[in-house]
Each structure stands twice: as C-alpha cells, then as structure tokens.
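In case you want the letters, here they are:
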Amino acid sequence: MASVSASLESATRGAKSSAALEFLKSAPKKLLINGKWVPSKSGKTFETLNPANEQVLALVAEGDKADVDEAVKYARKAFEDFKWANLSPHARARFLLKIADLIEQHADELAELETLDNGKPLFESANIDIPGAAETFRYYAGFVTKIYGETNPSDPSMFNYTLREPVGVCGQIIPWNFPLLMASWKIAPALACGNVVILKPAEQTPLTAIRLGELICEAGLPEGVVQIITGFGPGAGSSIAEHPDIDKVAFTGSTEVGKIILKASAGNLKRVSLELGGKSPNIIFPDADMPSAVFGSALGIFLNQGQVCCAGSRVFVQESVYDQFTDSLSQMASTLTLGNPLDPNTRMGPLVSKEQHDRVKGYLKAGKAEGAKAKIGGEPGKQEAGYFIQPTVFTGVNNQMKIAREEIFGPVASAIPFKDETDVVLQGNDTDYGLAAAVWTKDINRALTVARKLKAGTVWINTYGILDPMSPFGGYKQSGFGRELGKYAIDLYTQIKSVWCKIG
Ligand code: NAI
Ligand code: MG
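On a predicted model such as this, the values are computed, not experimentally measured, just so you know.

1. Here we look at the overall build of the protein chain
Across its full length, the protein chain holds 17 helices and 19 strands. Taking 504 residues into account, the globule formula puts the C-alpha radius of gyration at 23 Å, and the protein chain, at 23 Å, falls close to it. Along the longest, intermediate and shortest principal axes, the C-alpha atoms of the protein chain span 75 × 70 × 40 Å. For the protein chain, with 504 residues in total, the buried portion stands at 58%. Sequence-distant contacts in the protein chain: of pairs separated by 6 or more residues, those separated by 24 or more amount to 74%. Only carbon and sulfur atoms are counted for the fraction: they give 55% of the accessible area of the protein chain, which is about 19800 Å². Positive and negative side-chain charges in the protein chain, numbering 52 and 55 respectively, have mean positions lying 3 Å apart.

2. Section: the side chain of serine 17
Turning to its location among the elements, serine 17 is positioned in the loop between helix H1 (2-11) and helix H2 (18-25). Side-chain polar atoms of serine 17 contact the backbone nitrogen of alanine 20, separated by 3.0 Å. Filtering out sequence-adjacent residues up to four positions away, serine 17 remains in contact with Glu109 and Glu112.

3. Examining helix H13 (residues 354-369)
Helix length check: H13 (16 residues) gives 22 Å between terminal C-alpha atoms against 22 Å at 1.5 Å per residue, within 8%. For H13, the secondary structure elements touched by its buried residues are strand S14 (392-395), helix H14 (402-405) and strand S15 (412-418). With its phi angle positive at about 100 degrees, glycine 371 sits one or two positions after the end of H13.

4. What about the environment of alanine 61?
Examined against the element boundaries, alanine 61 turns out to sit in strand S4 (residues 55-61). With relative accessibility at 2%, the residue alanine 61 sits in the buried group. For the pair formed by alanine 61 and glutamate 256, sequence separation is 195 residues and the distance between their alpha carbons is 26 Å. Aside from chain neighbours lying at most four places away, what touches alanine 61 is Lys29, Lys30, Leu31, Ser40, Lys44, Thr45, Phe46, Thr230 and Gly231.

5. A word on the site of ligand 1
Among the 28 residues in the neighbourhood of ligand 1, the closest are listed as Ile174, Trp176, Glu203, Ser254 and Glu407. With respect to ligand 1, the side chain of glutamate 407 contributes an N or O atom lying 2.7 Å from an oxygen atom. Protein contact buries 91% of the 810 Å² of open area that ligand 1 shows by itself. Every element with two or more residues in the shell around ligand 1 is listed here: helix H9 (233-242), strand S9 (248-252), helix H10 (255-265) and H13. Counting residues per element, the shell around ligand 1 draws most heavily on H9, at three residues. A breakdown of the residues in the shell around ligand 1 according to their chemical character gives 13 nonpolar, 10 polar and five charged.

6. Looking at the pattern of salt bridges
One pass over the full model with this rule turns up 27 salt bridges. The residue glutamate 109 makes a salt bridge to arginine 211 at a minimum N-O spacing of 2.7 Å. Taken together, the positions of glutamate 109 in helix H5 (residues 107-118) and arginine 211 in helix H8 (residues 207-219) put the pair 102 residues apart, joining distant regions of the chain. Arginine 211 carries the same exposure label as glutamate 109, and that label is buried. The salt bridge involving glutamate 406 is made with lysine 402; its shortest N-O contact spans 3.6 Å. By sharing partners, the salt bridges in this structure join Arg76, Glu80, Asp245 and Asp247 into a single network.

7. Some words on the sheet that holds strand S16 (residues 436-440)
Strands sit in the order S13-S14-S15-S12-S11-S16-S17 across an open sheet of seven strands; the sheet is mixed. The strands lining the two open edges of the sheet, one partner per strand, are strand S13 (373-376) and strand S17 (458-461). Adjacent strand axes in the sheet meet at a mean angle of 25 degrees when their direction is disregarded. In this sheet, S17 lies alongside S16 in parallel orientation, the contact comprising four bridges. Across the sheet, valine 439 pairs through a bridge with isoleucine 461, a residue of S17.

8. Brief notes about the packing of helix H11 (residues 290-302) against helix H12 (residues 322-334)
Two numbers describe how H11 lies on H12: the axes approach to 9 Å, and their chain directions differ by 55 degrees. Here H11 is positioned oblique relative to H12, judged by the angle of their axes. Here H11 runs over H12; the crossing is right-handed. Mapping the contact onto sequence places Met290, Ala293, Val294, Phe295, Ser297, Ala298 and Phe302 in H11 and Gln324, Phe325, Ser328, Leu329, Met332 and Ala333 in H12. Broken down by class, the residue content of the contact of H11 with H12 amounts to 10 nonpolar, three polar and no charged.

9. Examining the packing of aromatic side chains
Evaluation of the coordinates by the stated rule reveals 11 aromatic pairs. Judged by centre distance (4.9 Å) and plane angle (55 degrees), the ring pair of phenylalanine 46 and phenylalanine 232 falls under tilted. With phenylalanine 46 in strand S3 (residues 45-50) and phenylalanine 232 in the loop between strand S8 (226-228) and H9, this pair connects stretches of sequence that are 186 residues apart. A relative accessible area of 6% places phenylalanine 46 in the buried class.

The rules we used
- All residue numbers refer to position in the chain's written sequence, counted from 1.
- Chain letters and ligand numbers both follow the written order, the letters beginning at A and the numbers at 1.
- Totals for whole chains, interfaces and linings use every residue, but because this is a predicted model, local features are given only for residues with pLDDT of at least 70 and side-chain atom pairs only at 80 or more, for both listing and counting.
- The side-chain values count all of the structure's non-hydrogen atoms but skip hydrogen atoms and water molecules.
- Numbering of helices and strands runs from the N terminus, with a helix taken as a DSSP run of H or I at least four residues long and a strand as a DSSP run of E at least two residues long.
- This radius of gyration counts C-alpha atoms alone. The globule rule is 2.2 Å times how many residues there are, raised to the power 0.38.
- With a 1.4 Å probe rolled over the protein chains alone, any residue whose accessible area is under 20% of its type maximum counts as buried; one over 50% counts as exposed, and the rest are partly exposed.
- Here a residue-residue contact requires only that any non-hydrogen atoms of the pair lie within 4.5 Å.
- Exposure was quantified through the Shrake-Rupley algorithm and a 1.4 Å probe, taking into account, for residues, occlusion by the shown protein chains and nothing else.
- For this count, His and the chain ends are skipped, Lys and Arg are scored as positive, and Asp and Glu as negative.
- Charged groups are reduced to one reference atom each: NZ for lysine, CZ for arginine, CG for aspartic acid, CD for glutamic acid.
- By the criterion applied in these results, polar contacts are pairs of N or O atoms within 3.5 Å in which, for protein atoms, one can donate a hydrogen and the other can accept it, and in which residues neighboring in sequence qualify only through two side-chain atoms.
- A helix's residues, less one, multiplied by 1.5 Å, set its expected span.
- Summary of the distance rule: residues count as near a molecule or strand when at least one heavy atom falls within 4 Å of that molecule or strand.
- Polarity classes work like this: nonpolar for Ala, Val, Leu, Ile, Met, Phe, Trp, Tyr, Cys and Pro, charged for Asp, Glu, Lys and Arg, and polar for all others, with Gly in that last group.
- Here, a salt bridge means any Lys or Arg side-chain nitrogen found within 4 Å of an Asp or Glu carboxyl oxygen.
- Following DSSP output, two strands are said to pair if at least two bridges run between them.
- Helix axes are fitted to C-alpha atoms over the stretch in contact, other axes to C-alpha atoms as well, and angles between N-to-C directions run from 0 to 180 degrees.
- Relative orientations are named as follows: roughly parallel for angles under 35 degrees, roughly antiparallel for angles over 145 degrees, roughly perpendicular for angles from 65 to 115 degrees, and oblique for any other angle.
- Handedness of a crossing is defined here by the sense of rotation of the near helix relative to the far one, left-handed for an anticlockwise turn of less than a right angle and right-handed for a clockwise turn.
- Any two rings among Phe, Tyr and Trp, with Trp reduced to its six-membered ring, count as a pair given centres within 6.5 Å; such a pair is stacked if its planes are under 30 degrees apart, edge-to-face if over 60, and tilted if neither.

So this is what it looks like as structure tokens:
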C-alpha cells in the first residue's frame, strides 16, 4: 500500500483535476454488488498501471467466481422483483438521462481517469470517449418509451399480440481500448430494455467503469440493477460466461476469447453477442480526394494508437498512386506528437500494457522478416518509460503476410498495392474478419458497387471510423455476430412473447 501511495504522485504526474486524484486516493477500489461497494471475497486486489510511465495508479478488487455468484444472486433477485423492468418507462428513461447528465458533469475527471488508465491522448478521451458514453445513455433513454410489440392479423376469434420483454440477467465483458464507451454500449441498451447487468471491465482499465458505477448509484437506480465486478478474464470473466443463472452474455474483445465464451455459453444456452477482432480493408482509388484520403487513413490506423477493432489496418492503394500515397501517409504520421497523453497537444500516447507492447513489437519484427519495409516508424517510441510505439507505415506488403492477416492492434498500417476494382474486392474480402471497410473515390457508382461487395458490418465511403449510437455496429465472419447500437441493440436485449386470447 505504501508503495502505491508513493507512486501515485508520479503515476498521475500532470493530472489536472483534483477529482481524478481524489478518486485514485480512495483505493483499493471495490466491487459493486446490490448497490454496495464491497471487497472481493478472497480479499485479493490487483494493480492498474499508468501505461505512460508504468507506475501504479490504484489497487482494485480482484473478483472471482464467488463474487460473480454473489452478484448473480442479487441481480436475479432485482430482476425477479421487477424493481426495474416494471418501472414506468418514463421513469426508467429519466434514470438513463440522469446517468448521461452525470457523465457530462464529471467529463473532465472521467477523461483524465481514462487517459491515465489507458494511455490514450486526453484529446481523444475528452472529445470521443466521454461525450460518446453520455450520448449512448441519452440515445437509449429515448428508446425506453419506444419499445413496441405488435398486434398480429389473427383469426377474428382470437386476439394475438406480442410483447418485447427483457432477457433477464446480462453478463457483459468488455475490453480496454474504449473502456467507458464500451461500458456504455453494453449497459445503456440493456437497462433501456429492463434487464439487470453484471459488467466486467478489462483488468488493464477498470477505473472509469468503477467511476461509472458510482455515478449510477448517485443517479439512484434500484440496488441490484447494475453490478460491477473487476477482475481477470479467467476468473471473473469465465465465471460470467459459464454461470448457469446468467441469461445473456455480451462480449467485446479478441476472437480467441469470443470462441471460449461461445463454448461456455452452451451450458445453459445463453444468448450471446460477440464483437470481435478485425483486419479492415481501407481502399484508395486513384481518383480519391487525396488530402482527405490521407487524413482519413491516418485517423483510421493511428487513432487510439491503432488499438481499435475497426482500425483500417490493411491500406489497399491502387498501383499508380501507391508511392505517392504511402509517402503522404508517412508524412502525416511524422507529424503526430508522441508523448505524455495528458498533454492536450499529444496525438499519440502509449499502448495500453506491456503485453500489448510486446505483441506489437513482435509484429514489427515479423513484418520486417517477411520483407516489408517500414517507410516510417517500425520501432518502439524513444521515451524513457511507457509502452510507446512509433506510428508505422509498412510498404511492400502482400495480403498473405502475417502483418496483413493477423490483428496487430497497434499503430501499424500495412500498405498493399492493387490492380483494379475486381482485384481489390477479392483481396479485401480475403480475410477471416469482416468488421469494417472503407473506400475512397470520387466515382459514386464505384463507391456504391464496392460497398455492396465488401463483406463487412460497416463500410465507410470517403471517411473513416465514424460511429454514432443511432447506427448499428458489428461483424461479418469471425468478427462476431449480433449488432450493437441503433435499434438493433434492442433485439439483443429483449425476447418476444406471443400472447393469444380467445374472444367471445
Ligand atoms: P481479451 O479478449 O483477452 O480481453 C477482452 C476481455 O475479455 C477482458 O475483459 C478480459 O478480461 C476478458 N477475458 C479474457 N479471457 C477471458 C475468458 N477466458 N473468459 C471470459 N472473459 C475473458 O483481449 P486481450 O488479451 O486484452 O487482447 C488481445 C488481442 O485481442 C488484442 O491484441 C486485439 O487483437 C484483440 N482485442 C480486440 C478488441 C476489440 O475491440 N474487438 C478489444 C481488445 C482486444
Ligand atoms: Mg487475453
């Protein structure tokens, strides 16, 4: 403990908001079960680090099977008591609006905590993650009063209608790349539909989910509606996936763990939704508006240090503009300021963890070994401490290389030349993944044709990475199944009951 407080000052060096510091000082952080903050039953804790300087930020309760069992017991009780699902929809909507307001009121603190825990530039957490989280709660608040059933054209001797009812106790396991935003994508639609939830944040970035738990308590939700169990994948996560009394599991993370979760769900046939990895093709035709294509492609691969499931990691460039385009992309990469993510001018922070740093360094090595050339970057950052990687553009890549097939999850663009439209559609779709894709061209006919042919859950035309709570998001192929966001998330969190009544 002493070492934790001693290192807190250096771990948070540069933090401006006293609220974030106060939050960190009140560690060890606990689990939220039935409206109360409790230590893990084992008494175990784990450290969460600042990846920019490798110092300990806080100790956090390490939840395990016993804690998940306890959380499920109270969640089940809250669900069966209909404390939440039977509230007037207007009242339930107001709770979600209140959570959105509280996120906005604490936006500076949340942005700083996110940056400290994850390493992403404050510029991004303040402008993308935190406002996006508030907006997601607000969007689903609007849905609460608009979840309709139907009356069906039955024989006149019968009256048949459908009800959309909540699924029940929902386990939600999220990753570390957009911690608060992913928590919101999961919790907001589940609550809107009247479910109760058990959220497990990633072990690398538990802090903003814990703070969100506090804000949810402050909003006054009935106890037992939201549980937050921090801990590791094997342990807290696997206990959720296997639990016989959890009705649904929603997961965002690696394809590898997605498969484990799907298998574990078979025990009680949980409903499952999976949002997994990607290796998205970002396609540049010679008639594209080049400055926008360069800027958009840089955003597509360097935002959040490339730790984005829909990152445009395979940049397909038509042969005639390949050299010119990769020069410009490298030039843009060279302007990104790498450094302390709390500095508002920083555009690239460290990767989230040593594990991720090692993985990405492994891919840089593999790319070079297979004959790709780093036009820029290709090396770790030169900082004294922290998990930095230089923004990298690999040229001379073909679609069969390891760096073109596997998700790197780092600031590494693999630029692959193509001949023509037919060739790029074939190559673009030649992947196990299908989360997203983009096409840059001024020819609208070509854009729409290619968008139709690409096997991906999202296609961007002349832009990259746009997401909004009103539009569905999810994968084809091994990028998962189920669609989050938009009205589609209502399908994930409701089940349909058909009611028959005999007339006369
Ligand atoms: P991961 O898939 O292991 O972790 C994601 C979440 O799953 C975390 O909350 C983790 O605790 C949990 N988890 C891990 N093992 C579990 C298990 N057996 N049962 C239940 N829950 C479990 O991802 P990791 O190891 O952090 O990253 C590895 C790679 O996965 C990355 O390099 C990247 O390629 C990919 N990834 C993709 C993400 C996406 O947004 N689609 C997000 C994070 C990682
Ligand atoms: Mg893992």
